[in-house]
Amino acid sequence: MNYKNYPMVSKVVFGRGSFNQLGDIISPKRLNVNAPFIFFVDDVFKGNSWLTSRIPLAYNDKVYYISAKEEPKTSQIDELVEKIILDYSERPSGIIGIGGGTILDISKAVSLMLTNNGESKDYQGWDLIKNPAIYHVGIPTISGTGAEVSRTAILTGPKLKLGINSDYTPFDQVILDPELTKGVPKDQWFFTGMDCYIHCIESLNGTYLNAFSQSYGEKAFELCKELFLDGNLKEEEAQDKLMMASWHGGMSIAYSQVGVAHAISYGLSYLLGIKHGIGNCIVFEHLEEFYPEGVKLFKEMKAKNEIELPKNICTELSDREINIMIDVALSLEPLWENAIGKNWKKTITRDKLKALYKKM
Ligand code: NAD
Ligand code: ZN
């Protein structure tokens with residue numbers, strides 16, 4: 001047995017208002033006055049001076065507002081990298097991502113592609129990155145994906161939705177300031193929160209499970225139940241706890257894998273552009289046969305939080321379109337192996353997946 005030697009986020013700050021320390025944290029990392037810090041900020045914060053007035057800009061530092069309406073694409077990463085190379089005489093001192101999973105993944109991917117030649121699509125997969133990224137910092141403003149701790153940056157490319165998984169992907173620094181999540185709309189709070197819940201279910205019920213993953217997964221699962229089922233938390237307490245649940249959920253899958261819901265929802269997202277959080281929820285409802293207890297609890301959480309999910313999104317699709325989704329889902333072999341076991345190909349047939357997609 002050869003055990004993996006995983007990198008982790010090297011430094012982390014936690015606390016309400018800790019975002020105020022950003023300037024002090026990054027200033028020692030400035031390489032020189034011509035090497036800017038580039039801030040990728042979710043454009044939902046454009047004009048929101050409560051947040052933007054605290055972004056510490058100096059010299060030729062720059063804020064790029066980026067939309068999270070669509071999930072990150074490899075072409076988008078390549079364009080951002082090219083723009084940065086053209087705009088500055090020197091490589092940036094660092095990339096700072098302020099936003100949800102979308103912005104965090106963009107920040108990780110750009111920081112990697114500034115030091116690795118070629119196009120980002122060529123690095124989708126496992127351990128294809130050769131050179132360390134430039135200094136990169138993640139500051140989540142919505143909790144659940146675990147993108148702040150993970151060693152992947154998930155991108156949609158010309159062929160696949162697949163992450164850049166590498167030892168150089170994790171952030172060098174994360175700032176966990178739960179106060180930054182105060183403006184998240186209720187439905188979005190649930191969808192991204194359920195990403196965390198589903199990470200727990202898939203990790204805890206997977207064949208890759210081990211005590212490392214289990215200890216983090218159980219903690220995140222407990223917090224999710226407190227947040228979405230018991231529901232007696234004050235708003236601030238909920239913000240604090242979901243941020244930590246996301247972290248633990250991400251740590252849990254670091255040493256295991258996600259499973260059926262993620263494999264199938266990547267297909268939905270690739271073909272229909274359905275976003276990760278809501279896509280996982282749409283899929284998860286139909287996975288009783290794989291996760292009976294987890295799905296039962298999910299349905300209770302959905303009812304308790306008065307969430308409506310879109311229905312019949314696949315009923316009108318052609319066979320060709322369904323086949324594209326099946327190809328994406330089946331390409332995620334480690335996810336299936338974790339969920340079902342080494343012989344997963346015996347039970348996870350194209351017909352089986354087609355029948356599942358047709359229910360959604
Ligand atoms: P997101 O980043 O797509 O944001 C969802 C919505 O919430 C957007 O409209 C955004 O503008 C809004 N938003 C974010 N913060 C807000 C705030 N404080 N106030 C008001 N609105 C706010 O959402 P997400 O669910 O965090 O991320 C999904 C992405 O994460 C997908 O691209 C998925 O592939 C990726 N992901 C990555 C990992 C990983 O390990 N790298 C894991 C899971 C998911
Ligand atoms: Zn996820």
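Right above here is the structure, for reference.
Just so you know, these numbers come straight off a predicted model, no measurement behind them.

**Q** Could you give me a rundown of the overall build of the chain, with the residues and numbers involved?
**A** When you go through the chain residue by residue, the secondary structure sums to 14 helices and nine strands. Computed over its C-alpha atoms, the radius of gyration of the chain comes to 20 Å, within 12% of the 21 Å expected for a compact globule of 360 residues. With the C-alpha coordinates aligned to their principal axes, the bounding extent of the chain is approximately 60 × 45 × 45 Å. Long-range pairs, those at least 24 residues apart, make up 78% of the contacts in the chain between residues at least 6 apart in sequence. Here the chain has roughly 15800 Å² of accessible surface; of this, 50% comes from carbon and sulfur atoms.

**Q** Run through the coordination of the zinc ion (ligand 2), naming residues and quoting values.
**A** Looking at the zinc ion (ligand 2), the protein donor atoms are Asp195 (OD), His199 (NE2), His262 (NE2) and His276 (NE2), and they sit 2.1 to 2.2 Å from it. Around the zinc ion (ligand 2), the four donor atoms sit at angles spanning 88 to 173°, and that spread fits a shape best called irregular. Counting the intervening residues between successive donors of the zinc ion (ligand 2) yields the motif D-x3-H-x62-H-x13-H. With His199 in helix α5 (residues 186–204) and His262 in helix α8 (residues 260–272), this residue pair connects regions lying 63 residues apart in the sequence.

**Q** For the pairing of strand β8 (residues 161–165), give the residues involved together with the corresponding values.
**A** Along β8, five of the five residues are buried, which leaves the element largely enclosed by surrounding structure. As paired elements, strand β5 (residues 125–126) and β8 share two bridges and run parallel to each other. Looking at the pairing, Trp126 lines up with Asn165 of β8. Note: strand β7 (residues 152–156) against β8, five bridges, orientation antiparallel. By the bridge assignment for β8, Leu155 is matched with Leu162.

**Q** Explain the site of ligand 1 to me, using residue names and the numbers behind them.
**A** Surveying the vicinity of ligand 1 reveals 28 residues, the closest of which are Gly101, Thr102, Ser150, Thr192 and Lys275. Contacts to ligand 1 include Val184, whose backbone N or O atom sits 3.4 Å from a nitrogen atom. Coverage of ligand 1 by the protein amounts to 91% of the 870 Å² it exposes when considered alone. Listed by contribution, the elements that provide at least two residues to the shell around ligand 1 are α4 (101–113), β7 and α5.

**Q** Help me get a handle on the packing of aromatic side chains, residues and values and all.
**A** Scanning the entire structure with this criterion turns up twelve aromatic pairs. Relative to Phe298, the ring of Phe190 has its centre 6.3 Å away and its plane inclined at 40°; by these criteria the two rings are tilted. Of this pair, Phe190 sits in helix α5 while Phe298 sits in helix α10 (residues 292–304), and the two are 108 residues apart along the sequence. Across the pair, exposure class does not vary: Phe190 and Phe298 are buried alike. Seen in terms of ring centroids, Phe212 and Tyr255 are 5.0 Å apart; in terms of plane orientation they differ by 50°. Their pairing is tilted.

**Q** Run through the sheet that holds strand β2 (residues 37–42), naming residues and quoting values.
**A** Strand order in the open sheet formed by six strands is β1-β9-β6-β4-β2-β3, and the pairing between neighbours is parallel. Here the strands that pair on one side only, and so sit at the sheet edges, are β1 (11–14) and β3 (62–66). With direction set aside, neighbouring strand axes in the sheet form an average angle of 15°. Across five bridges, strand β4 (residues 94–99) lies against strand β6 (residues 136–140) in parallel orientation. Within β6, the residue paired with Gly97 across the bridge is Gly138. Of the strands in this sheet, β2, β3, β4 and β6 touch α4, which is tilted by about 170° from β4. Sitting on the sheet, helix α7 (residues 235–254) touches β1, β6 and β9 (173–176), and the angle it makes with β9 is about 150°.

**Q** Account for the state of the cysteines, with residues named and values stated.
**A** Counted by the stated rule, this structure contains zero disulfides. Just so you know, Cys314 is unpaired, no disulfide at all, and the nearest cysteine sulfur is the one on Cys281, 15 Å from it.

**Q** An account of the pattern of salt bridges is needed here, citing residue identities and associated values.
**A** Summed over the entire model, instances satisfying the criterion amount to 21 salt bridges. The residue Asp87 makes a salt bridge to Lys83 at a minimum N-O spacing of 2.9 Å. Pair noted here: Asp87 and Lys83 are both in helix α3 (residues 74–87), with a separation of four residues, about one helical turn. According to the relative accessible area criterion, Asp87 is partly exposed, its value standing at 40%. The class for Lys83 is partly exposed, based on a relative accessible area of 38%. Here Glu337 ties to Lys342 by a salt bridge, and the two come within 3.2 Å at their closest N and O atoms.

**Q** Help me get a handle on the pairing of β6, residues and values and all.
**A** In terms of residue burial, β6 counts as a mostly covered element, since five of its five residues are buried. Side-chain alternation along β6 places His136, Gly138 and Pro140 on one buried face and Val137 and Ile139 on a second face that is also buried.

Criteria and cut-off values
Residues numbered from 1 in each chain as written. Chains lettered and ligands numbered in written order. Predicted model: local features only at pLDDT ≥ 70, side-chain atom pairs only at ≥ 80, totals over all residues. Heavy atoms only, no water. Helix = DSSP H or I, 4+ residues; strand = E, 2+ residues; numbered from the N terminus. Rg over C-alpha atoms; globule rule 2.2 N^0.38 Å. Contact = heavy atoms within 4.5 Å. Areas by Shrake-Rupley, 256 points an atom, 1.4 Å probe, with all protein chains shown as cover. Donors = N, O, S within 2.8 Å, 3.2 Å for Na, K, Ca; no water. Tetrahedral: all angles 85-135°; square planar, octahedral: opposite > 155°, others 65-115°. Buried < 20%, exposed > 50% of the residue type's maximum accessible area, 1.4 Å probe, protein only. Pairing = 2+ DSSP bridges. Near = heavy atom within 4 Å. Polar contact = N/O pair within 3.5 Å; in protein donor to acceptor, adjacent residues only side chain to side chain. Phe/Tyr/Trp six-rings, centres within 6.5 Å; stacked < 30°, edge-to-face > 60°. Axes fitted to C-alpha atoms, helices over the stretch in contact; angles between N-to-C directions. Disulfide = S-S within 2.5 Å. Salt bridge = Lys/Arg side-chain N within 4 Å of Asp/Glu carboxyl O.

Geometric descriptors of this kind do not, in isolation, establish any biological role.
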